[in-house]
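Summary of the model geometry
Listed below are the residues making up each chain.
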Amino acid sequence: VAQDVASKLRVHDIKTCDAVEVNRLLDSGEVFDQGTDFTEIAKKMKADYVILVSFTSFRIHPEGSPGLYQGAARASLHVWEMTGKGNDRKLKGIYRTYHDTKYPAHQPVESSQQTEETFVVKFMDQLCEELARFFFDHPPGVEIG
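I will try to describe carefully the structure that is included in this document. In this numbering scheme, every chain counts its residues from 1 along its sequence in written order. Where totals are concerned, whole chains, interfaces and linings use all residues; where local detail is concerned, this predicted model gives features only for residues with pLDDT of at least 70, and gives and counts side-chain atom pairs only at 80 or more. Hydrogens and waters are ignored; side-chain quantities use all the structure's heavy atoms.

Secondary structure elements follow DSSP: runs of H or I no shorter than four residues count as helices, runs of E no shorter than two count as strands, and numbering proceeds from the N terminus. When you go through the chain residue by residue, the secondary structure sums to four helices and five strands. When the elements of the chain are put in sequence order from the N terminus, they spell out α-α-α-β-β-β-β-β-α. Here the open area of atoms and residues is found with the Shrake-Rupley method and a 1.4 Å probe, where only the protein chains shown may cover a residue. For the chain, the accessible surface area stands at approximately 9,600 Å², while carbon and sulfur atoms represent 49% of it. Counted as positive: Lys and Arg. Counted as negative: Asp and Glu, with His and the chain ends omitted from the count. By convention, charge coordinates are those of NZ in Lys, CZ in Arg, CG in Asp, or CD in Glu. Positive and negative charge centroids in the chain, built from 17 and 22 side chains respectively, lie 6 Å apart.

What follows is the structure, given as structure tokens:
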């Protein structure tokens, strides 16, 4: 998710940290949540903002329907901005929201119509696109359809 959202941000000329460094941090086994102080990490990566996306729910099958695919996720987004100068730089929370997504929006897909891997790729692409849209201007109604 981090790599895909960052990739979509870069398409819109939004500079992001090195994906390899971010993945190394995420793979470290350390637990990150909205209570984590990301100040030292942000300083090390020379970041002006930190975005945390966490999921409170995530599934690819509708409840009770293992033969169907319909992705659903609820994500929380937290954003901090680096403030201050020199050694007094610290992160300040500036934004928090939740986002629900469903793919496809109206009708589940029968598992006989596509592989689980293909479905997951499409679902994740839509999910990451929707999350990235929180951080760049886009035409009204682009979410429809």
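Read on for the rest.
Let us now look at the pairing of strand β4 (residues 90–103). Each pair of strands is called paired provided DSSP finds at least two bridges between the two strands. Here 13 bridges tie strand β3 (residues 71–83) to β4, and the two strands are oriented antiparallel to one another. Bridge pairing in β4 links Ser76 to Tyr98. Count of turn residues in the β3/β4 antiparallel hairpin: six residues, of which Gly84 carries a positive phi of about 85°.

Let's shift gears to the sheet that holds β3. Strands sit in the order β1-β3-β4 across an open sheet of three strands; the sheet is antiparallel. What marks the edges here is a single partner per strand, and that holds for β1 (49–59) and β4. Neighbour-to-neighbour, the strand axes of this sheet turn through a mean angle of 15°, independent of strand direction. The criterion used for residue contact is that any of the two residues' heavy atoms lie within 4.5 Å. Axis definition: a line fitted to C-alpha atoms, over the contacting stretch in the case of helices. Angles run 0 to 180 degrees between N-to-C directions. Seen against the sheet, helix α4 (residues 116–132) touches β1, β3 and β4 and runs at an angle of roughly 140° to β4.

So far we have only geometry, and geometry alone does not tell us how the molecule works.
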